[in-house]
Amino acid sequence: MANLLWLQSGGCGGCSQALLLQPRLLERLETLGINLLWHPVLAPKEEDSFWPLIDQILEGSVALDMLCIEGSALLASGGLVHRLSGRNGHMAGLLRQLSGLAQEVLAIGSCTAFGGMSALGANPAGAVGLQYDNGRLGGFLGGDFRTQSGRPVINIAGCAIHPGWLADSLSLLSQGNLVLDEWARPAFYTEGLVHHGCPRNEFYEYKASAPEPNDLGCLMENFGCKATQARGDCNIRLWPGGGSCLRGGFSCINCTAPGFQNPGHPFLETPKVAGLPSTLPTDMPKAWFVALSALAKAATPERVRVNATSPKILVPPNKRAESKK
Amino acid sequence: MSQTQTILGPFGRIEGDLEIRLEPRENQVGAAFVTAPMFRGFETMLEGRAPLDALVIAPRVCGICSVAQSLAARSALAGLTDLRLPRNAERVFNLMQAIENTSDLLSHFYLYLAPELQRQGYKDRKWFAQAKRFALGTEPYKKAVAARNGLLGMLAPLAGKWPHSLSMLPGGLTKTIGASERAGLLDHLGEFEAFVSAQVFGGGLQAFINLKNTAQLADWALEYQHTDLGLFIQIGLEEGWERLGLIKTPLLSYGAYFEAGFPLFAGGVWKNQVEAFDWNQITEDLASSWLDGPFEPLSPAQGVTRLDAEREGAYSYAKAPRYQGQVVSVGPWARQVIDGQPLARALNQTWGSGVLSRVLARWIELGRLLPQMRQWLEQIEPDQPFYHSGNLMIKDGQSFGLIEAARGSLGHFLEIEGGRITRYQILAPTSWNFSPRDQTGQPGPAEQALVGLPLFKGKPGPELGLVIRSFDPCMQCQVH
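Quantities reported herein were computed from a predicted structural model and do not represent experimental measurements.

Reading the values: the criteria
- Residues numbered from 1 in each chain as written.
- Chains lettered and ligands numbered in written order.
- Predicted model: local features only at pLDDT ≥ 70, side-chain atom pairs only at ≥ 80, totals over all residues.
- Heavy atoms only, no water.
- Helix = DSSP H or I, 4+ residues; strand = E, 2+ residues; numbered from the N terminus.
- Buried < 20%, exposed > 50% of the residue type's maximum accessible area, 1.4 Å probe, protein only.
- Contact = heavy atoms within 4.5 Å.
- Areas by Shrake-Rupley, 256 points an atom, 1.4 Å probe, with all protein chains shown as cover.
- Lys, Arg positive; Asp, Glu negative; His and termini not counted.
- Charge placed at Lys NZ, Arg CZ, Asp CG, Glu CD.
- Pairing = 2+ DSSP bridges.
- Axes fitted to C-alpha atoms, helices over the stretch in contact; angles between N-to-C directions.
- Parallel < 35°, antiparallel > 145°, perpendicular 65-115°, else oblique.
- Left-handed = near helix turned anticlockwise from the far one by under 90°.
- Nonpolar A, V, L, I, M, F, W, Y, C, P; charged D, E, K, R; others polar.

In this section: the overall build of chain A. If you tally the helices and strands in chain A, you get eleven helices and eleven strands. If you line up chain A on its principal axes, its C-alpha atoms span 75 × 40 × 30 Å. Expressed as a percentage of the 325 residues in chain A, the buried residues total 59%. Considering only intrachain contacts with a sequence separation of at least 6, the fraction spanning at least 24 residues in chain A is 68%. With an accessible surface of roughly 12,300 Å², chain A has 54% of that area assigned to carbon and sulfur atoms. Each charge class in chain A can be summarised by its mean position, and for the 26 positive and 26 negative side chains these summaries are 10 Å apart.

All names here are of chain B. Within strand β18 (residues 420–427), six of the eight residues are buried, which leaves it mostly tucked inside the rest of the structure. Here strand β17 (residues 408–417) pairs with β18 via seven bridges, running antiparallel. Paired with G411 across the two strands is L427, which belongs to β18. Between β17 and β18, which follow one another and run antiparallel, lie two residues, and G418 among them has a positive phi close to 60 degrees.

Before going further, it helps to spend a moment on the packing of helix α7 (residues 179–200) of chain B against helix α13 (residues 355–379) of chain B. All names here are of chain B. Interhelical geometry of α7 versus α13 gives an angle of 160 degrees and a closest axis separation of 10 Å. By the angle class used here, α7 and α13 are roughly antiparallel. α13 is crossed by α7, and the crossing has left-handed handedness. Judged by residue contacts, R182, L185, L186, L189, G190, F192, E193, V196 and V200 of α7 engage W363, L366, L370, M373, R374, L377 and E378 from α13. Class assignment for the residues of the contact of α7 with α13 results in eleven nonpolar, one polar and four charged.

In this section: the environment of M220(A). Note that M220(A) resides in the loop between α8 (201–205) and α9 (234–237). As for M220(A) and A208(A), which are separated by twelve residues in sequence, their C-alpha atoms are 9.7 Å apart.

Residue and element names in this part refer to chain B. The strand order across the open sheet formed by three strands is β16-β17-β18, and the pairing between neighbours is antiparallel. Of all strands in the sheet, those bounded by a partner on one side alone are β16 (397–405) and β18. In this sheet, adjacent strand axes meet at a mean angle of 15 degrees when their direction is disregarded. Where β16 lies against β17, nine bridges are found, and the strand directions are antiparallel. Note that in β17 the partner of G401 across the bridge is H412.

Here's what the structure looks like:
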């Protein structure tokens, strides 16, 4: 059995709520031989068992195989912004102690990985990611930190996480083949773009943009959608129940990326540089993009042009648009 | 004094970290102090941002009630536009809120509260073996989690995803709901209804909602003792949990699920009768808070949130909200009493505001919401608008949005100046229920509910866990 301890700090609890959405979660943990020592929702023993458990871990009489931390480390006022409950001291101190003992440390959600929403703007609580301060290596534990198994902190980034990202990471970890990307995120969900599988792809191809927030067209040009840059399998894996941000009709805010909370522009607006959206794909020469866009716009089928500016499909395939509305 | 006090925490099966300090008086709790030990500072972080950024940021205050946070922000922002909400959007927003709330009402019972009945402190009770079905990881528990997930899955076609959706805009919904989506949603709702009907009520839901007094309730529990709720009520009555955790504070509800200006659950303030609610009567007091600010309690519309983590005399990051200077409590119990639901009123008359009343109110509310959710779904008109176009620009000014989240009254109060957020104050349900003392020394509702609990060698019995959880605290939300 592998012991898993789950603690929360500077976050909203949403990643735990999302985790619960994983179908047959308890069965998956059982299959993987994971023993939940403590999780704020799923496996709390009685109140007075928390500190004896922590003491046993600190003494080394209970093995800590996996430490899942949900929420940033909070460092303002010497860490007092997150005091411990039931004892003196602060959570940051406990997290540091436990991290040093764990075989694996998993940062659950973008707050924990990079600072995320808890490190928004002026960041009064001094929120910082476990091994990154936004995009800078370092963070709370330091860039050189390695777990007992010799690995960096595993960043299950996302706001909130897709439950499958964590469940599958646990499975791959137990098989010994969890591959991490350059931000120490599991590569299996960051090797593609959120754009992949977006139901609005055809509108994107023709640069047929939505003029209103609930129109069907592409959201990149007018509403700050970052799906063509953002990494994640949201539109392929789909959220429990079969949704995604784009399927919900709203822009991708790139929540798996470090620093997403401070985009430097209003979330729902697309900053333009010389008339071009700053959200263009990053791995394509701008001149080509401009040339292709001009061609695509000229070649836009009427069906696509009309539907892009409507909340519902007005023109089905193989039928010429007679008029809009 | 400090040698004899007992400090408890952290608590599992509540949302977020909580510490409780108990001071004994003879063999009872003489005074209780509840501490919200974590501060993030969303209110100051929102300052300076573009107004619509609140729609991204505010739901991240709380991953448990993110729809409620979004709708409160949406409503506050809409107050500074000329946009009107189409009827479809109103129905879909109500439906989304009802889904999140219902999921919370269910989760509260199965994930947070009922497992309490398997505490070692109860193992000498003759019902202990029967209550094994409430333990973590049992079949009923797993079925409840699956039912919760099926219900929350409905938010995928409605809102894209949960938690943290960006689908709720001042002008309406970012998508439309087609007839086929609606058909699928009705199926999912039917699945949830079937679970509730079978496992929770054993076919006795309507009979439960129609109960008129506590004697009828006891009869119902006997008749339905094979159901999860019937068993819980029987145990509760045997243990006297109707007298556990009693408080006498007024109750507050903003009113919930408005359609064309009319609420499904009427709002107001309960002081042995319903009085009209006036948001201008709300103030927040910083006397016990690790926050810096003026001594005089302020309206949240004028509120400030500045960290002072080592302030002398403080013991929580939470503020102490008051209504007309009084401590009030919020939540499903307050909503149902204020709305005048007959069983809730009867429970209040006979028992008052105790553990069993607060727990039963959740099931009363859930039972009332189910048919309403179906109605909202059926009333969606796929061919009518879900969004009213118009100027999305948020005008300068002050505004607020008041919502009933699962755990009670949630308010967002904001100020826009020069196209930027200059003030953003959030008053969450747990802010009311887990309030610390104010400058006049009045303890908050949970602090009052703990007084009088028996202590054994200075330690409380297992009932403390029920008293705390009967309020369903959400500490992340409370301090934000």
